[in-house]
Structure formats: structure tokens, C-alpha cells
Amino acid sequence: MVSVPSERVRAPLSVKIVVAGGFGVGKTTTVASISEIEPLSTEAAMTDVGQGIDRAELTPEKTETTAALDFGRITFGDDLVLYLFGTPGQARFSFMWDELARGAMGAIVVGDTRRLAESFPAINYFEKRGLPFVIGINCFDGVQSHTVEQVRDAVAVADDVPVELFDARERSSVKASLTVLVEHSLRRARAELRAASEPSPAV
Amino acid sequence: MTSPSEPEPLLARPYVLTGGRTLGASDLPLEAVVVTERSSLPAGATPEVQAIVRLCRSPHSIVEIATHLRLQVGVVRVLVGDLADEQVLSVGVTASNQLDERVRVLERLLDGVRAL
């Protein structure tokens, strides 16, 4: 007659981090190195059924727009889950970026020094959006062909944006970059919180 | 405990799957985690709804549901939204826009990442 209160599986808090960058730059490898699951790839039809059908101007072709999206997961205890979304850096997938950036804790822009320009769309987007990001230069084959300073000069990001050299294949290296990102996001959020709670100073 | 076999992939027109409806909880974030709260299915549950309820006996996010069941994200949002309204499922919290809350979550995340 014991009525066992069913073990309620409470849904944990979940957050996400975006891993962006040009094609073949190591986004999926980055996610795979740190994810607790084999990264899943989905032809995520990001355009909502709702949006697609409600808006008359959208053609059926447009509602079918898909882009491959890789994601991995890290579970922290029983109350927090982090999803890492690897997303194409090309401008034509910008419809997906809004979706991914919404509520994100930050972004890692993975770059390759041989074609840094491919990371510019992602950098521009996150700057405009005000989403904290770090630049992770993936050192393919352990080769470091440019210094952090050279990269920083080339991408011309704000001084507080961390630029890191890392190896997407190394878990410890990805973990270090992830830590730098979360620290950066936290600093930013604390500063914003302070600014919000102080009377706005005359500029 | 775990179901003996993975649910069959479901392939059908999105519009049909949502009963022709297009609006609903379309704001559910991709990372929102969904958990089944009760096993009794709503009357007339479609195979897709049944599959979602079954899958979410262990927590799965919106994007994981879409991937595992091969459903469009938009379809999953509508169906999960309905099931949450009917309290068949519960949907976990995601990051809020409130700065103090964001700071708290980032602190927790930083602890977690450092301990990896």
C-alpha cells in the first residue's frame, strides 16, 4: 500500500554556447573533444513551421532551408546541462545564428590563421549582437604559424576579447578555451550588472 | 526502464504532424530540456506525440528530440508546447535575460567547466 512518490525527474537548467567559424576550421572537432556524447548532426530545419506557414511571403522552398548543425552536450551534476552548437560561419546561414545566439552564454569563434577572413562574418555578428566571444585559433598539426598578437591585429577585435591558440583535438585545450570564454562572459555580465545598479554617470 | 528499441524515425509532412497548427510554443529554445511527467498519454495521441513522451522519460532537449525522431524543430516545439500545457511534459528553465540571474548561471557554469 506504499504509495511511492514517483521519482520526479526534474528537468535541469540548460544553457548553450555557440561554436562558430568558417568551413572545415575545426568546429565539429572542438565540440567532439569535450562533449560527453558523440556529437549529433542534424539537418535542423531552423525555420519554424509556424514562421514558414504564417508568413505568406515565404516560399515553400525557403521553409525547407536547412543547414547541418552539430551539437554536443556536457552535464554538470543533476541541475545544469550545457549544449555546444557548432554552426556554419557563412553569412547565408545567418537565419540560424539568431536562433543560436538567443540566450547563449557566449561563443567560441574557431579560426585558421591561413584563412582568417572566414571568421569575420561570425566575429561581426557576435560583436553586433553583443554576445561575448573568444577567438580560438586552431593550431592544426600543432603548427603555430602566427602569434596571438598578429591574429589580434588582423581581426581587430576589442582589447578585452580573448584570443587563444588551441588544438581542437585536445580535450584539455578545448576545456581551457571554454574556461576562458566563460570567465570572459562572467566578467562582462558582472560589469553590466554593476553598471545597471549604479546611477548612470555623465559621459 | 529503458525502452528496448529506439523509436522508428518518423518522416511525415510537418504540417500534418501538428494538425495544421502553426503557432504555439515556438519560442522554446533549442536547448530547453523536456521531461515526461506522466505516462498516461493524451487521448488520440499521434505516433509522434507517443514517441516524444517515450523519449523524454529520460531528459532530452528540443534539438535532441528533433534529431532522434527526425522531426523538424518547429514541429517539436508545437507538440512539446501542447504536451506541456497538458502537463504531460515539463520543460526546464533556460538562461534568462536578467543580469543577476545570468551572473549566477555563469558562476555555476564556470565551476562546472573548471572541474571537467
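Above this note sits the structure.
Report on the accompanying structure. Here the structure is a predicted model, which is why all the values come from computation and not from measurement.

## Describing the pattern of salt bridges
All names here are of chain A.
Alright, step 1. Summed over all chains, the structure comprises 14 salt bridges over all chains.
Alright, step 2. For Glu36, the salt bridge identified is with Arg73, shortest N-O distance 2.9 Å. Taken together, the positions of Glu36 in the loop between helix H1 (27-34) and strand S2 (40-44) and Arg73 in strand S3 (residues 67-76) put the pair 37 residues apart, joining distant regions of the chain.
Alright, step 3. Look at the salt bridges and you will find they share partners, linking Asp112, Arg114, Arg115 and Glu118 into a network.

## Re the pairing of strand S1 (residues 13-21) of chain A
All names here are of chain A.
Alright, step 1. Burial of S1 is extensive: nine of the nine residues sit out of reach of the surface.
Alright, step 2. The two faces of S1 match: Leu13, Val15, Ile17, Val19 and Gly21 on one face and Ser14, Lys16, Val18 and Ala20 on the other face are all buried.
Alright, step 3. Relative to strand S4 (residues 80-88), S1 runs parallel, the two being bridged by nine bridges. The residue bridging Ile17 from the neighbouring strand is Leu84, located in S4.
Alright, step 4. Alignment of S1 against strand S5 (residues 107-111), held across four bridges, turns out to be parallel. Counterpart to Val19 in the pairing with S5 is Ile108.

Conventions we followed
- Residues numbered from 1 in each chain as written.
- Chains lettered and ligands numbered in written order.
- Predicted model: local features only at pLDDT ≥ 70, side-chain atom pairs only at ≥ 80, totals over all residues.
- Heavy atoms only, no water.
- Salt bridge = Lys/Arg side-chain N within 4 Å of Asp/Glu carboxyl O.
- Helix = DSSP H or I, 4+ residues; strand = E, 2+ residues; numbered from the N terminus.
- Buried < 20%, exposed > 50% of the residue type's maximum accessible area, 1.4 Å probe, protein only.
- Pairing = 2+ DSSP bridges.

Everything listed here is a matter of geometry and, on its own, says nothing about what the molecule does.
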